[in-house]
Amino acid sequence: MRPRGATADEVEPLLPNMAETPYAPLKSSFARSYQTGNSILHELNRSLERALKEGKLLDVARGIKQTVETLSQTPVNITVTGNSGNGMSSFINALRIIGHEEDDSAPTGVVRTTQTRAKYSSSHFPSVILWDLPGLGATDQTIDNYREEMEFGMYDLFIIIASEQFSSNHVNLAKVIQEMGKRFYIVWTKLDRDLRPNAHSETQIIQNIRVNIQKELQKERVNVPPIFLVSNLDPLLYDFPMLRNTLHTDLSNIRCYGPLSTLPSTFEKIIDDRVASLRERIDEGCSEHPLSVRDDEDMKECLKTYRLKFGVDDESLEQVAQSMGTVVQLYMADMKSQNLYTLRRGDWRLRLMTCTFMNGFFYIFKCLLGLRCCVRCFRRMKYKRVLLLVAQDTKTILEKILKDSISPPQI
Ligand SMILES: Nc1nc2c(ncn2[C@@H]2O[C@H](COP(=O)(O)OP(=O)(O)OP(=O)(O)O)[C@@H](O)[C@H]2O)c(=O)[nH]1
Ligand SMILES: [Mg+2]
């Protein structure tokens, strides 16, 4: 295909008809990591690979979205632990937004109540198993025994409940969980009691509680986790809304980031393979035609070709944005290759290569010295630069699709 308005001897055959060399089977870590396991992810890997090779970004976006939906049903085990009487069972009821008198609520009481661990579910957190543990502190059980008996290894997220005082048991629990490399929160309950009218202001009390927890953890070199101050008597007040939001985000992360964490490198590998293949084609396919006054047209056509090849043309991006429930501008914003102007503006090398001086220089080479090969070589360099920039943009967009699939954008 020849650029519009170009004559035969001005512009060489352009790139749309270029057949790329076939790809070797993908041997990315992503492919490897799922050989043994999850068939959904294995299937995703294969279909993504195919779609990406064909530059069908919409299919890639749909594939990732579907997989995230499937992964969002993966069961997650959250355990609630702390000192006996701190309000662990009450917290579970509050999180489920049910009263302690309801049939399937966790039993609570002023005396030691939870003797064996029990599990609960909540319609507010589908596919989440909430474990109510007997508390520490009622016996002289060591933290190591407790950890073994309660099978800490099986939980994905820990919620350490504290109230009245942040004790050494709380710090030890945090330490053990941190050592296991698992995520945890500190939830300070019974805030309603702490805020009963007294000499200090509410803000002061809340600040004191937070600072005290942070100090105790830092003394033992525990990284400070998210801290929430709540009252189990009111599941919608204080930090409860924030806690729920954080929990929802973390649930997505636990379910998706692990299994999908290798996708960016898979994307990178496929794109790099395509770039390598297209670079070869540029080297093989360039004709004898010199640079011309229509160099801009040539560059525009080249840009258009590569955007189409990688599926980052305007139309495809519009479709991707729609399927992600967002606006195309959010995808375009970080792209250098929106058009020739933005491409040049975003890349000094291309700016230099396409400036009038450089073109004139090579024109003289060709006219006066007859060095057509230099002109050809220069032209290939420009094509390759455009190719690289479009490929970089494609990677950025793929990362964004992945991110938006896991945490949908708010617009
Ligand atoms: N005022 C107030 N009381 C609470 C709160 N949370 C729990 N309680 C009370 O504290 C007592 C202990 O609560 P539980 O939820 O049974 O405590 P637990 O940590 O599960 O205790 P065990 O199961 O015995 O280890 C109960 O009387 C609850 O009503 C709270 O946020 N505010
Ligand atoms: Mg209990």
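Here the structure is a predicted model, which means the values were calculated and not measured. (Residues numbered from 1 in each chain as written. Chains lettered and ligands numbered in written order. Predicted model: local features only at pLDDT ≥ 70, side-chain atom pairs only at ≥ 80, totals over all residues. Heavy atoms only, no water.)

Student: Just to check I follow, could you spell out the overall build of the protein for this structure?
Tutor: Within the protein, the regular secondary structure consists of 17 helices and six strands. Of all 411 residues assigned to the protein, the portion counted as buried reaches 48%. Contacts in the protein between residues far apart in sequence, at least 24 positions, make up 73% of those at least 6 positions apart. Carbon and sulfur atoms make up 51% of the accessible area of the protein, which amounts to about 20,600 Å² in all. (Helix = DSSP H or I, 4+ residues; strand = E, 2+ residues; numbered from the N terminus. Buried < 20%, exposed > 50% of the residue type's maximum accessible area, 1.4 Å probe, protein only. Contact = heavy atoms within 4.5 Å. Areas by Shrake-Rupley, 256 points an atom, 1.4 Å probe, with all protein chains shown as cover.)

Student: How should the coordination of the magnesium ion (ligand 2) be read in this particular structure?
Tutor: Put simply, a metal with four donors set out as a tetrahedron has ideal angles of 109.5 degrees, and one with six donors set out as an octahedron has ideal angles of 90 or 180 degrees. Every protein donor of the magnesium ion (ligand 2) is listed here as Ser-89 (OG) and Thr-114 (OG1), and their distances to the metal cover 2.0 Å. In this pair, Ser-89 is assigned in helix H4 (residues 88-95) and Thr-114 in the loop between H4 and strand S2 (118-122), connecting sequence segments 25 residues apart. (Donors = N, O, S within 2.8 Å, 3.2 Å for Na, K, Ca; no water.)

Student: Is there a simple way to think about the pairing of S2 in this case?
Tutor: Walk down a regular strand and you will see the side chains alternate between the two sheet faces. Note that S2 and strand S3 (residues 125-132) share four bridges and pair antiparallel. What sits directly across from Ser-122, in S3, is Phe-125. Hairpin remark: S2 followed by S3, antiparallel, with two residues in the connecting loop. (Pairing = 2+ DSSP bridges.)

Student: Sorry, what's going on with the nonpolar core here?
Tutor: Note on soluble globular proteins: their nonpolar side chains tend to be buried together. Grouped together as the largest cluster of nonpolar side chains are 49 residues, with contacts concentrated most on Ile-64, Leu-260, Phe-310, Val-386 and Ile-401. When neighbours within four sequence positions are excluded, Ile-401 is seen to be in contact with Leu-57, Ala-61, Ile-64, Val-320, Met-324 and Tyr-331. Of all hydrophobic cores here, the second largest spans 29 residues; its members include Phe-158, Val-176, Trp-188 and Ile-209. (Core = buried A, V, L, I, M, F, W, Y, C linked by side-chain atoms within 4.5 Å.)

Student: In this structure, what is going on with the site of ligand 1? I would like to understand it.
Tutor: Within the structure, ligand 1 sits among 21 residues, and Ser-84, Ser-90, Thr-113, Thr-114 and Asn-232 are positioned closest to it. Here Ser-84 contributes a side-chain N or O atom positioned 2.7 Å from an oxygen atom of ligand 1. If ligand 1 stood free it would expose 650 Å²; the protein chains cover 90% of that surface. Of all elements in the fold, only H4 and helix H7 (191-194) reach the threshold of two or more residues within the shell around ligand 1. Of the residues forming the shell around ligand 1, the biggest block, three residues, is contributed by H4. (Near = heavy atom within 4 Å. Polar contact = N/O pair within 3.5 Å; in protein donor to acceptor, adjacent residues only side chain to side chain.)

Student: What is the right way to look at the packing of aromatic side chains in this model?
Tutor: The relation between two aromatic rings is expressed through the spacing of the ring centres and the mutual angle of the planes. The tally for this structure, following the rule as stated, stands at seven aromatic pairs. Between Tyr-155 and Phe-158, the aromatic rings sit 5.7 Å apart at their centres with planes inclined by 85°, giving edge-to-face as the arrangement. Assessed through its relative accessible area of 0%, Tyr-155 is described here as buried. Arranged with centres 5.4 Å apart and planes meeting at 75°, the rings of Tyr-185 and Phe-228 form a pair that is edge-to-face. In this pair, Tyr-185 is assigned in strand S5 (residues 183-188) and Phe-228 in strand S6 (residues 227-229), connecting sequence segments 43 residues apart. Exposure remark for Tyr-185: the relative accessible area of 0% places this residue in the buried category. A cation sits over an aromatic face here: Arg-117 above Trp-131, 4.8 Å from the ring centre. Taking the ring centre of Phe-310 as reference, the NZ or CZ of Arg-274 above it sits at 4.9 Å. (Phe/Tyr/Trp six-rings, centres within 6.5 Å; stacked < 30°, edge-to-face > 60°. Lys NZ or Arg CZ within 6 Å of the ring centre and 35° of its normal.)

Student: Got a minute to help me understand the sheet that holds strand S4 (residues 157-162) in this structure?
Tutor: The strands making up a sheet associate through backbone hydrogen bonding, with each pair oriented either parallel or antiparallel. Taken together, the six strands give an open sheet; going across it, the order is S2-S3-S1-S4-S5-S6, and neighbouring strands pair in mixed fashion. The open sheet terminates on both sides in strands that have one partner only, identified here as S2 and S6. Recorded for the sheet is a direction-independent mean angle of 25° between the axes of neighbouring strands. Note: strand S1 (residues 76-82) against S4, five bridges, orientation parallel. Among the inter-strand pairings, Gly-82 is bridged to a residue of S4, identified as Ile-161. Helix H9 (residues 240-260) contacts S1, S3, S4, S5 and S6 of the sheet and is inclined by roughly 105° relative to S3. (Axes fitted to C-alpha atoms, helices over the stretch in contact; angles between N-to-C directions.)

Student: Whenever I open this one, the environment of Thr-249 confuses me. Can you help?
Tutor: Summarising the element assignment, Thr-249 is placed in helix H9. A relative accessible area of 41% means that Thr-249 is categorised as partly exposed. When the C-alpha positions of Thr-249 and Ile-406 are compared, they lie 8.9 Å apart, and in sequence the two are 157 residues distant.

Student: For this particular structure, what's the right way to read helix H11 (residues 295-310)?
Tutor: One full turn of an α-helix is made of 3.6 residues, so residues set three or four places apart face in the same direction. Look at H11: 23 Å from first C-alpha to last across 16 residues, which is about the 22 Å you get at 1.5 Å a residue. In the stretch just after H11, Gly-311 is the one whose phi turns positive, near 75°. (Expected span 1.5 Å × (residues − 1).)

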